[in-house]
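As a plain string of letters, each chain reads:
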Amino acid sequence: MTSIAIPSGMPQYDDVPRYDVARVRADFPILDREVNGHPLVYLDSANTSHKPRQVLDVLAEHYARHNANVSRSVHTLGTEATEAYEGARAKIAAFINAPSVDEVVFTKNSTEAINLVAYAFSNASLRPDADPRFRIGPGDEIVISEMEHHSNIVPWQLLAERTGATLRWFPVTDHGRLDESGLDDLVTERTKIVSLVHMSNILGTVNATSRITQRVREVGALLLLDCSQSVPHLPMDVVDYDADFIVFTGHKMCGPTGIGVLWGRGELLAAMPPVFGGGSMIETVTMARSTFAAPPARFEAGTPPIAEAVALGAAVDYLTSIGMPAIQWHEKELTAYALDALATVPGLRVFGPNVPVGRGGTISFALGDVHPHDVGQVLDSLGVQVRVGHHCAKPVCTRFGVPATTRASFYLYTTTEEIDALVAGLEQVRKVFD
Amino acid sequence: MQLDQLYQEIILDHYKHPHGRGLRDATDPVARVGEAHHVNPTCGDEITVRVTTDGKVFTDISYDGMGCSISQASASVLHELLRGRAADDAAVVHEAFVELMSGRGQVTPDEDVLGDGVAFAGVARYPARVKCALLSWMAFKDAATRAGVGVSPEVKA
Ligand SMILES: Cc1ncc(COP(=O)(O)O)c(C=O)c1O
């Protein structure tokens, strides 16, 4: 192997944080298994990630040793469970650099977190004394983009229907980037909230948010970032991003299903009306009316997913122990490798940025005119697990004139050998359908 | 799971060279026409099936759509099998195909009834693909009902 010396003073190869992928893979029991007689090649982490033993153990241990309800008992088990649950909240707050632990609201997933904000808007709109930032009606506008997951489209469509507000959106360019050219016309004094995906789950695009944030501040609107695909893959700092809300979902970041997060600026959450009513979210209740607890409790009615939250805390510990910058770099290298490798496949067309810049390790493509279902089926017979379909982002498919795409997505445990297996599998697909 | 059980030659053949594809208008001005559009929400496959009938016989079954090899081949086979058939007769074939697809691979198909449809026996073992195979058949059923000719027997034997 030849090596080229990088002049001193320039960033050196070893400056980049790295980790041993084989050692990471050993933490994930499922990666040992076979599928259809082949070693598992899991390229569907954008859909859901696998869970390391460190997380599975915490989940089992919680039920085996510390099980009790939270925030409502003085006994020892109740105290242990509460400490574990609140401890997880603190870990997650630190993970995203939240200024206060109380800014982290546990939800079921990203979808619920977005709906929570959308319904807070409706509830506020029914109450004249509510904070005007949450009051919305005819003449007001909600801005999203054409590259959203359905979870960040439908709740806003429903909000617009309930309140008479108007839904508008950023278009997507041919290269799969957000088209910000109409920013000043799109985000105006009429805008109440801009809700934007940080990293697209279908195109892989990572949106640069600073111009939008600046415009949102100028017009006095609120900004929600759907970080379902970014928080698992890159370092997140909510102060640095200067968003008002972010949402993410535990199962895509080595955590269990059933747990997600709404982060909101403390002052804003304090001004936000409750959505779900029930136990644990109140200050006091009489038969006539109730008053509500401060955030985050105000938004966590009923018994929460306790063990899942605790396990998400373990997932965050796990990711932190490897290092988010290292994970981000690993995926950047994989993405560069994969884009090059896929470019060698005849008839393959990538939807989304075809350079590993401003994008993450999620690559959607078409293989000639073979339907993605058929691509996915042949790949599955070789143990290669990709997602096929519209990826809950139908408007993107429509934008690119296809009913569906095939999508390969990577994570911290993905290897270049797995990408090779994908490329070899695509050769097999071409054989069957040519 | 063997891939060639799923992608039988016959299926690939119908997919690459579909029979009767394209929506056609009725040639007989008094014919009854029914149409139905079905989508498979999980994958975005779509099909429109149009039936033309004189009240007894399906004089034409035309279709258009986009989707995977299984859904498109299945529409081609549907056209082959049911066009020109009397409604009662078509109902028997329809029922046999639905039964085959719902059988999780446990049903032995009768080639006399199902013709090229027997090639879909392997598909029944892939639960994720059964919907693809049934898409055009379900659209056909709705289209036939709209044309005033039911194809699902009132009482199942
Ligand atoms: C960008 C994006 N937003 C929202 C979601 C919804 O996540 P969940 O289904 O966990 O609520 C997903 C995951 O599918 C996603 O990729």
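To be clear, the structure that these remarks concern was listed above.
Okay, so let's go over this structure.

What counts and what doesn't
Residues numbered from 1 in each chain as written. Chains lettered and ligands numbered in written order. Predicted model: local features only at pLDDT ≥ 70, side-chain atom pairs only at ≥ 80, totals over all residues. Heavy atoms only, no water. Helix = DSSP H or I, 4+ residues; strand = E, 2+ residues; numbered from the N terminus. Rg over C-alpha atoms; globule rule 2.2 N^0.38 Å. Buried < 20%, exposed > 50% of the residue type's maximum accessible area, 1.4 Å probe, protein only. Areas by Shrake-Rupley, 256 points an atom, 1.4 Å probe, with all protein chains shown as cover. Lys, Arg positive; Asp, Glu negative; His and termini not counted. Charge placed at Lys NZ, Arg CZ, Asp CG, Glu CD. Salt bridge = Lys/Arg side-chain N within 4 Å of Asp/Glu carboxyl O. Polar contact = N/O pair within 3.5 Å; in protein donor to acceptor, adjacent residues only side chain to side chain. Contact = heavy atoms within 4.5 Å. Pairing = 2+ DSSP bridges. Axes fitted to C-alpha atoms, helices over the stretch in contact; angles between N-to-C directions. Phe/Tyr/Trp six-rings, centres within 6.5 Å; stacked < 30°, edge-to-face > 60°. Lys NZ or Arg CZ within 6 Å of the ring centre and 35° of its normal. Near = heavy atom within 4 Å. Buried area = accessible area lost by both parts, 1.4 Å probe. Disulfide = S-S within 2.5 Å. Parallel < 35°, antiparallel > 145°, perpendicular 65-115°, else oblique. Left-handed = near helix turned anticlockwise from the far one by under 90°.

1. Remarks on the overall build of chain A
Part 1 of the argument: On a plain count of helices and strands, chain A comes out with 14 helices and 17 strands.
Part 2 of the argument: A globule of 434 residues ought to have a C-alpha radius of gyration of about 22 Å, and chain A, at 23 Å, matches this closely.
Part 3 of the argument: Its C-alpha atoms give chain A principal-axis dimensions of roughly 70 × 55 × 50 Å.
Part 4 of the argument: Taken across its 434 residues, chain A has 55% of its residues classed as buried.
Part 5 of the argument: Carbon and sulfur atoms make up 55% of the accessible area of chain A, which totals about 17900 Å².
Part 6 of the argument: Positive and negative side-chain charges of chain A, numbering 35 and 50 respectively, have mean locations separated by a distance of 4 Å.

2. Thoughts on the side chain of Glu148(A)
All names here are of chain A.
Part 1 of the argument: Looking at the element boundaries, Glu148 is found in the loop between strand E5 (141-145) and helix H5 (154-163).
Part 2 of the argument: One buried charged residue, Glu148, forms no salt bridge at all, with the nearest opposite charge on Lys252 at 13 Å.
Part 3 of the argument: Separated by 2.6 Å, the side chains of Glu148 and Ser145 make a polar contact.
Part 4 of the argument: Polar contacts involving the side chain of Glu148 include one to the side chain of Asn152, which spans 2.7 Å.
Part 5 of the argument: Apart from the residues within four sequence positions on either side, Glu148 is in contact with Ile153, Ser195, Leu196, Val197, Cys392 and Ala393.

3. Digging into the sheet that holds strand E2 (residues 45-53) of chain B
Residues and elements named next belong to chain B.
Part 1 of the argument: Read from one edge to the other, the open sheet built from 3 strands follows the order E1-E2-E3, with strand pairing classed as antiparallel. In this open sheet, the two strands that pair with only one neighbour each are strand E1 (32-40) and strand E3 (58-66). Averaged over all neighbouring strand pairs, the angle between strand axes comes to 15°, with direction disregarded.
Part 2 of the argument: Where E2 and E3 come together, 8 bridges link them in antiparallel fashion. When the sheet's bridge partners are listed, Val49 is paired in E3 with Tyr63.

4. Remarks on the packing of aromatic side chains
All names here are of chain A.
Part 1 of the argument: Counted according to the given criterion, the structure contains 13 aromatic pairs over all chains.
Part 2 of the argument: Centroid distance Phe134 to Phe245: 6.5 Å. Interplanar angle 55°. Geometry classified as tilted. Placement of Phe134 in the loop between helix H4 (110-125) and E5 and of Phe245 in strand E9 (residues 245-249) is noted, with a sequence separation of 111 residues between them. Each member of the pair, Phe134 together with Phe245, is buried.
Part 3 of the argument: For the ring pair Tyr411 and Tyr413, a centre distance of 5.6 Å and an interplane angle of 75° mean the geometry is edge-to-face.
Part 4 of the argument: Accessibility expressed as a relative area gives 0% for Tyr411, which makes it buried.
Part 5 of the argument: A relative accessible area of 1% places Tyr413 in the buried class.
Part 6 of the argument: Taken together, the ring pairs in this structure connect Phe28, Tyr318, Tyr411 and Tyr413 into an aromatic cluster.
Part 7 of the argument: Sitting above the plane of the Tyr119 ring, Arg162 keeps its charged end 3.8 Å from the centroid.
Part 8 of the argument: Directly above the ring of Phe400 sits Arg399, whose terminal nitrogen or CZ lies 5.0 Å from the centroid.

5. Quick notes on the site of the ligand
Residues and elements named next belong to chain A.
Part 1 of the argument: Taken together, 13 residues are adjacent to the ligand, and Thr111, Asp226, Gln229, Thr249 and Lys252 come closest.
Part 2 of the argument: Note that an oxygen atom of the ligand is positioned 3.5 Å from one of the side-chain N or O atoms of Asn109.
Part 3 of the argument: Residue Ser110 places a main-chain N or O atom 3.3 Å away from an oxygen atom belonging to the ligand.
Part 4 of the argument: In the complex, the protein chains occlude 89% of the 390 Å² of accessible area that the ligand would expose alone.

6. Examining the environment of Ser151(A)
Residue and element names in this part refer to chain A.
Part 1 of the argument: Topologically, Ser151 is positioned in the loop between E5 and H5.
Part 2 of the argument: Residue class for Ser151 comes out buried when judged on its relative accessible area of 10%.
Part 3 of the argument: When the C-alpha atoms of Ser151 and Ala113 are compared, they prove to be 9.6 Å apart, with 38 residues separating the residues in sequence.
Part 4 of the argument: Leaving out residues up to four positions away in the same chain, Ser151 has contacts with Thr111 and Ile114.

7. What about the interface of chain A and chain B?
Frequently, the measure chosen for interface size is the accessible area removed from exposure when the parts meet.
Part 1 of the argument: In this assembly, 17 residues from chain A lie in contact with 20 residues from chain B.
Part 2 of the argument: Summed over both sides, the interface between chain A and chain B buries roughly 1400 Å², with carbon and sulfur atoms accounting for 56% of that surface.
Part 3 of the argument: Notably, a salt bridge pairs Arg129(B) with Asp374(A), separated by 3.0 Å at the nearest N-O pair.
Part 4 of the argument: Counting only elements with at least two residues in the side of chain A that touches chain B, the list comes to helix H12 (372-381) and helix H14 (416-433) of chain A.
Part 5 of the argument: Counting residues per element, the side of chain A that touches chain B draws most heavily on H12(A), which supplies 5 residues.

8. A look at the state of the cysteines
What makes a disulfide is a covalent bond joining the sulfur atoms belonging to two cysteines.
All names here are of chain A.
Part 1 of the argument: Inspection of every chain in the model, using the stated rule, returns 0 disulfides over all chains.
Part 2 of the argument: The thiol sulfur of Cys227 is not disulfide-bonded, and the nearest other cysteine sulfur, from Cys254, lies at 17 Å.
Part 3 of the argument: Judged by its relative accessible area of 0%, Cys227 is buried.
Part 4 of the argument: Cysteine Cys397 is unpaired, with the sulfur of Cys392 as its nearest cysteine sulfur at 10 Å.

9. Brief notes about the packing of helix H3 (residues 69-82) of chain B against helix H6 (residues 127-146) of chain B
Residues and elements named next belong to chain B.
Part 1 of the argument: Contact geometry of H3 with H6 gives a least axis separation of 8 Å together with a crossing angle of 40°. Taken together, the axis directions place H3 and H6 in an arrangement best described as oblique. Between H3 and H6 lies a crossing of right-handed hand. Within the contact between the two elements, H3 uses Ile70, Ser71, Ser74, Ala75, Leu78, Leu81 and Leu82 and H6 uses Arg129, Cys132, Ala133, Ser136, Trp137 and Phe140.

10. Some words on the pattern of salt bridges
Residues and elements named next belong to chain B.
Part 1 of the argument: Evaluation of the coordinates by the stated rule reveals 26 salt bridges over all chains.
Part 2 of the argument: With a closest N to O distance of 3.1 Å, Asp25 and Arg50 form a salt bridge. One end of the pair, Asp25, is in the loop between helix H2 (9-16) and E1; the other, Arg50, is in strand E2, and 25 residues separate them in sequence.
Part 3 of the argument: Owing to a relative accessible area of 63%, Asp25 belongs among the exposed residues under this scheme.
Part 4 of the argument: The exposure class assigned to Arg50 is buried, which follows from its relative accessible area of 15%.
Part 5 of the argument: Linking Arg85 and Asp89 is a salt bridge whose minimum nitrogen-to-oxygen distance equals 3.5 Å.
Part 6 of the argument: For Asp89, a relative accessible area of 37% puts it in the partly exposed group.

11. Comments concerning the sheet that holds strand E17 (residues 405-409) of chain A
Residue and element names in this part refer to chain A.
Part 1 of the argument: Ordered by their spatial adjacency, 4 strands build an open sheet running E13-E14-E17-E16, and the pairing between neighbours is antiparallel. Each of the sheet's edge strands pairs with one partner strand only, and the pair in question is strand E13 (348-351) and strand E16 (387-389). On average, each strand axis in the sheet is inclined to that of its neighbour by 30°, with strand direction left out of account.
Part 2 of the argument: Sitting on the sheet, H12 is in contact with strand E14 (362-367), E16 and E17, with an inclination near 160° to E16.

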